Every structure is written in structure tokens, then in C-alpha cells.
Amino acid sequence: MAKKHLSLIVIPHSKTSHRTLSFSKRTVRLMAVLGIGAAVLLTGITVDYVRMRLSGKSYQALAAENLKQKNQLRDYETRVGLLEGKINTFQEYAGRLNIFAGIKSPEVLTNPGVGGSSTESEAESQLSLPGGKAQSLPNIQSLSQKAEDIEKNLGMLLTHFEQIQGQFATRPSIAPTNGYRSSGFGWRLDPFNPEARDFHGGLDIATVYGNPVVATAAGSVLRVAYDGGLGNNIIINHGNGITTLYGHLSKALVKPGQIVKRGDVIGQVGHTGRAMGDHIHYEVRLNGTAVNPHNYILNEF
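Just so it is clear, the structure is predicted and the values come from calculations on it, not from any experiment. (Residues numbered from 1 in each chain as written. Predicted model: local features only at pLDDT ≥ 70, side-chain atom pairs only at ≥ 80, totals over all residues. Heavy atoms only, no water.)

1. Some details on unusual backbone geometry
Of note, N240 is a non-glycine position whose phi angle comes to about 55°, a positive value. Mapping N240 onto the fold places it in the loop between strand 11 (231-239) and strand 12 (242-252). (Helix = DSSP H or I, 4+ residues; strand = E, 2+ residues; numbered from the N terminus.)

Laid out in C-alpha cells, this is it:
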């Protein structure tokens, strides 16, 4: 019995004879299956390609958003850092005001503006970036607590200042001259013997020879003298156990017993006594004990 088959007659446009192509039904079915398979495969490839293009665009959008958030986070971190610096400055200034006011009551913060502990959970002090990366930032809660503490302390100071406003004139609160700090209060290497340490009971302010030296508060000139260490020096009594000393002067312009006001010129900068250059040695003493003069200088110098 002859096999069933299909014939395809090809008639060319030229005068050449036609061609007849014969296919068995089995071959036709096989070609149909292969065609369908190829179509399905081509469709799959096309869909995959379209999906990859869409995924690529989505990834680019996510990457752009990620970069934008990173930049915003850096800007935020910078702003918070600046805010932290300002709050710390206010904290230091509030501390000086406390010392200037002479507040010693236990209710007053010994370190005004100190906020929350730095050991708080990291979950509260970190922000998450896209991709799961954590970025540490200054603790906002701690900064907020510092600001609240400073506000409370300044409120107490305002009340206290209103009560003692008559004593302001006799509280040292300005620098005795313009210059820069060449040596601070506390232990240091002896400038004349680098192998030894000595306690520096004041603040050295280096400046130009002959610059005016002013009284840092109202008071009475207690002493005008010369000695080998401090050279020409002046001591002013401001009352309430507070005295100030001005050393290494080239010239003293006041006399013992003279009444002075804050800002009055009392002498000139020099390097008399045990001094290596032109500067003034400035001390603040409370009941005879030297304390850090930096805490009694509220202006810049």
C-alpha cells in the first residue's frame, strides 16, 4: 500500500520547468511540531529579552535612588555634626557662665548640657541605607537631651544673675589684653628647664610689647610690686574672695589702694622677671587658691 504524502509544486517565473516536492504526512507533522517548538522558543527568548530590559531599567532607577539617598544621608550627617559642634560650644560657654556666676549649689549641673549616655543601643544611633548597609550618626536623642539641659541651666543662670546683678562689676569676665594663649593653666614642662615639670597657676597671653593691660573687673589695687619671677606685677582685690594678678608688665600705671573699673588700663605688656618673651601672666585666685582663668574670660581675645 502506497504511503500517504503531500506534494508541493513550485512554478518559477522563468521558463524553466516546475518542481514538485513531495512530503510524507509524517514529515509534515514533524515539521509542524518543529515549527511550533521554534515559535515557542522564539517567544520565550523575546519575553526574556523584554523582561531583562525592564529589569535593567528598574535596576538603574533603584541605583539612582540609592545614590540619591546616600547623598542625602551624607548631607544629613554633616548638618547633624555641625549642630553637635554648636551645642558643645553652648555647653562650654554655659559652663563658663556657671563659674562666672559662682554657683555651687548641688542642683546646678556640674557639666551643663551633658545628655544621654553614649552607650545607648546601636539601633537608635544608626540609619539603614538601601542594600542593608548601616550608617552611624550622632545620636539625635543625646543632642536633644543636651539642648534641654543647657536650656534649663541657662534659665537657672538668668534667675541667679537677676539676684546678684549688683555683683557683676566685680566678677572677672574679660581678657586682660589682646593676643593669643601661649601657655595654659596646669602642669607643664618648665620653659627654662625642659627636663622638669612645674605647675603654671595662670594663663600666659603673648602679644606686642607695650600693649595696654586692663583690669578684668572692678576692684581695689591691692599690690604693685616687682619680684624675680613675675617681674612688675599688680594684684587687684575684687571682693568675695576673688583677686586677679597681672605679671611681667613693662610698666604699672596704678598705685596700691586705687579703685579701678572693668576695662581700665592698669599697665603695659612686657617681659620683666622670669619671662622668655613679651606676654602677660594672668591669674584668678579664689580665697587664695589659683583657679583656671580661662573660665573667667567670656570674650574672645
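Having seen the model, we can carry on.
2. Regarding the pairing of strand 15 (residues 279-286)
Across the eight residues of strand 15, six count as buried, placing the element largely inside the fold. Both strand 8 (residues 203-206) and strand 15 contribute to a ladder of four bridges, which runs antiparallel. Its bridge partner lying in strand 15, L203 is registered against Y282. By the bridge criterion, six bridges tie strand 12 to strand 15 in an arrangement that is antiparallel. Following the sheet pairing, Y246 is matched in strand 15 by Y282. (Buried < 20%, exposed > 50% of the residue type's maximum accessible area, 1.4 Å probe, protein only. Pairing = 2+ DSSP bridges.)

3. Things to note about the pairing of strand 11
On a regular strand, each side chain points to the face opposite its neighbour's, so the side chains alternate between the two faces of the sheet. Of the pairings in the sheet, the one linking strand 10 (residues 219-227) to strand 11 comprises seven bridges and is antiparallel in character. The partner of Y226 across the bridge, within strand 11, is N232. Counting the residues in the hairpin turn of strand 10 and strand 11 gives three residues. Bridging between strand 11 and strand 12 involves six bridges; their strand directions are antiparallel.

4. Some remarks on a nonpolar patch on the surface
On the surface, Y49, V50 and L54 cluster together into a nonpolar patch covering about 310 Å² of accessible area. Here Y49 shows up in helix 1 (residues 25-101). (Patch = residues over 30% accessible without salt bridge, like charges linked within 9 Å, V, L, I, M, F, W, Y side chains within 5 Å. Areas by Shrake-Rupley, 256 points an atom, 1.4 Å probe, with all protein chains shown as cover. Salt bridge = Lys/Arg side-chain N within 4 Å of Asp/Glu carboxyl O.)

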